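Tertiary structure, described
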Amino acid sequence: MRLLCPDHLTDLQQELKRVGVDPCAWDIFAQKSRVVVLKLTGLSVATANILKQTALLTGADCAVHRDVISGRVRRSDCLLFATPRQYEQLCMRLKNQPDCAARLVPVIKSLLARAQNPPAPVRIGNRTFDFRKRTFIMGILNITPDSFYDGGRYLEPPAALDQAHRLIEEGADILDLGAESTRPGSLPVPAEEQLRRLLPVLKPLAKKVRTPISIDTTSARVATAALAAGARIINDISGLRFDPELAKVCARHNARLILMHIRGKPRTMQRNPVYHDLMQEIVNGLSWSVKQALDAGVKPGNLFIDPGIGFGKKPEHNLEILRRLTELRTLGLPIVVGPSRKSFIGITLNLPPEERLEGTIAACVVAALNGASIVRVHDVLAVHRALSLLAAIRNPGAG
């Protein structure tokens, strides 16, 4: 006798095979091994009661406010606990309920699909990024004098170009070039200065490498020039809050756009940021950014989201984001995470930036386990090795 905890579908199938279960039933048992929790917000008391009772009929459960049964509250959030098979039965039953409950069916189906499935593969230039197979690596190249970790090291074009090629050799799937530091307390850098730093590196690099190049900027002017020079991705830390024209630029160039969540601006963002419901507020903020991008003409398949670790968050917020990252699948878009050598690692471990490699690796592995499609790091080689081993563990035989 033993406890069986198969976290991977392949492992469960092997156990079913050993027992002698008919392969036709494997998928049924696989679904019964997974409970998915969905949160539905602001339901009327009538809807919440119907949902609760219907869930219980399927063998699932639904947590509601304790005063829903008495009608002392007008609305309630709900937490649904069910297996995929139970969700199927729940949706079938809800279709026959009053409209207030029946209209939850497409919402539940959409959330369930996003919870169970990674984002669709993305084609960028000559590269296909299949997020079902592994988490990809974005290598950081700061062409700045004042970035918190490597400021000044790659300010001159020869040094920057050497580092870019080194990052590619170490396993970077994307290069992220930035000419404006966004560390806490930093001030904006004019577009002219960003381009003066950026273009002497970007132009020759784009001609020589097949690796997609991302530009870390909030400026529509910088984005226009960078995309014309060969960049394929714009990484906007403001989520379109600093320069709304940026989305239109990406739409015109059919460029990929990373939308990050931030509270405030770099100069002031770390002045006691407060959240009442961290993950919900991040989802709400990113939802706003996504809508702005779509309204400007950016294709849904060109969008990525980033929870903004270190941008208007306390150390405990950043740890919670990593722990609950899977919840960002709500938006159905590839998730980018940038924990590299940031202060939450230093505060947690009491270490300066130059000693935060192990913390960065741990954060990247946790991010990958919890749904990150891309991690953005300075230390490409070390993180590449760690994520390669993780991929081998999670996807046996994939190579």
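The preceding data block contains the structure.
Structural notes, computed from the coordinates. Every value quoted in this text rests on a predicted model; they were computed, and no experiment measured them.

Let's talk about the pairing of strand E7 (residues 174–178)
Within a regular beta strand, the side chains point alternately toward one face of the sheet and then the other, so they alternate between its two faces. Of all 5 residues that make up E7, 5 are buried, and the element is covered over most of its length. Of the two faces of E7, both are covered, the one formed by Ile174, Asp176 and Gly178 as well as the one formed by Leu175 and Leu177. With helix H7 (residues 157–170) bridging strand E6 (residues 136–142) and its parallel neighbour E7, the resulting β-α-β unit is right-handed. Across 4 bridges, E7 lies against strand E8 (residues 213–216) in parallel orientation. Across the sheet, the residue bridging to leucine 175 is isoleucine 213, located in E8. Note on the crossover from E7 through helix H8 (residues 191–208) to E8: the handedness is right-handed.

Description of the side chain of threonine 58
By the secondary structure assignment, threonine 58 is in the loop between helix H3 (45–57) and strand E2 (61–63). The class of threonine 58 is buried, set by a relative accessible area of 9%. Setting aside chain neighbours within four positions, we find threonine 58 in contact with Gln86, Gln89, Leu90 and Arg93.

Some points on the pattern of salt bridges
Evaluation of the coordinates by the stated rule reveals 18 salt bridges. For arginine 221, the salt bridge identified is with glutamate 192, shortest N-O distance 2.6 Å. Separated by 29 residues along the polypeptide, arginine 221 in helix H9 (residues 220–228) and glutamate 192 in helix H8 bring together distant segments of the chain. In this structure arginine 221 comes out as partly exposed when scored by relative accessible area, which is 47%. Note that arginine 324 and glutamate 327 form a salt bridge whose closest N and O atoms lie 2.7 Å from each other. Salt bridges sharing partners connect three or more residues here, namely Arg127, Arg134 and Asp173.

Re the pairing of strand E3 (residues 75–82)
Residues of E3 alternate between two faces, with Ser76, Cys78, Leu80 and Ala82 buried on one and Arg75, Asp77, Leu79 and Phe81 left unburied on the opposite face. Note: strand E1 (residues 36–44) against E3, 7 bridges, orientation antiparallel. Bridging from a neighbouring strand, leucine 43 pairs with serine 76 of E3. Sheet analysis places E2 next to E3, joined by 3 bridges and oriented antiparallel. When the sheet's bridge partners are listed, cysteine 62 is paired in E3 with leucine 80.

Some details on the packing of helix H4 (residues 84–94) against helix H6 (residues 105–116)
Taken N-terminus to C-terminus, the directions of H4 and H6 make an angle of 165°; their axes are 10 Å apart at the nearest point. What the angle tells us is that H4 and H6 run roughly antiparallel. Where H4 crosses over H6, the handedness of that crossing is left-handed. Taken together, the residues of H6 that come into contact with H4 (itself represented by Pro84, Tyr87, Leu90, Cys91 and Leu94) are Val105, Ile108, Lys109, Leu112 and Gln116.

Remarks on the sheet that holds E1
Spatially, E1-E3-E2 is the arrangement adopted by the 3 strands of the open sheet, whose pairing is antiparallel. Edge strands, defined here as strands with exactly one partner in the open sheet, are E1 and E2. Adjacent strand axes in the sheet meet at a mean angle of 25°, parallel and antiparallel pairs treated alike.

Brief notes about the packing of aromatic side chains
Scanning the model with the defined rule gives 2 aromatic pairs in all. Both rings, one in phenylalanine 129 and one in phenylalanine 136, keep their centres 4.9 Å apart while their planes meet at 65°; by these two values the pair is edge-to-face. One exposure class covers both phenylalanine 129 and phenylalanine 136, and it is buried. Over the ring of phenylalanine 129 we find arginine 127; its NZ or CZ atom is 5.2 Å from the centre of that ring. For the cation-ring pair, arginine 153 lies above tyrosine 149, with the distance from its terminal atom to the ring centre recorded as 4.7 Å.

Topic: the environment of isoleucine 309
Along the chain, isoleucine 309 turns up in the loop between strand E11 (303–306) and helix H12 (315–323). Along the primary structure isoleucine 309 and asparagine 284 are separated by 25 residues, whereas in three dimensions their C-alpha atoms are 16 Å apart. The residues touching isoleucine 309, leaving out its near neighbours within four places in the chain, are Asn318, Ile321, Leu322, Val337, Gly338, Pro339, Lys342 and Phe344.

Basis of the calculations
Residues numbered from 1 in each chain as written. Predicted model: local features only at pLDDT ≥ 70, side-chain atom pairs only at ≥ 80, totals over all residues. Heavy atoms only, no water. Buried < 20%, exposed > 50% of the residue type's maximum accessible area, 1.4 Å probe, protein only. Helix = DSSP H or I, 4+ residues; strand = E, 2+ residues; numbered from the N terminus. Right-handed = clockwise from strand over helix to strand, strands pointing away. Pairing = 2+ DSSP bridges. Contact = heavy atoms within 4.5 Å. Salt bridge = Lys/Arg side-chain N within 4 Å of Asp/Glu carboxyl O. Axes fitted to C-alpha atoms, helices over the stretch in contact; angles between N-to-C directions. Parallel < 35°, antiparallel > 145°, perpendicular 65-115°, else oblique. Left-handed = near helix turned anticlockwise from the far one by under 90°. Phe/Tyr/Trp six-rings, centres within 6.5 Å; stacked < 30°, edge-to-face > 60°. Lys NZ or Arg CZ within 6 Å of the ring centre and 35° of its normal.

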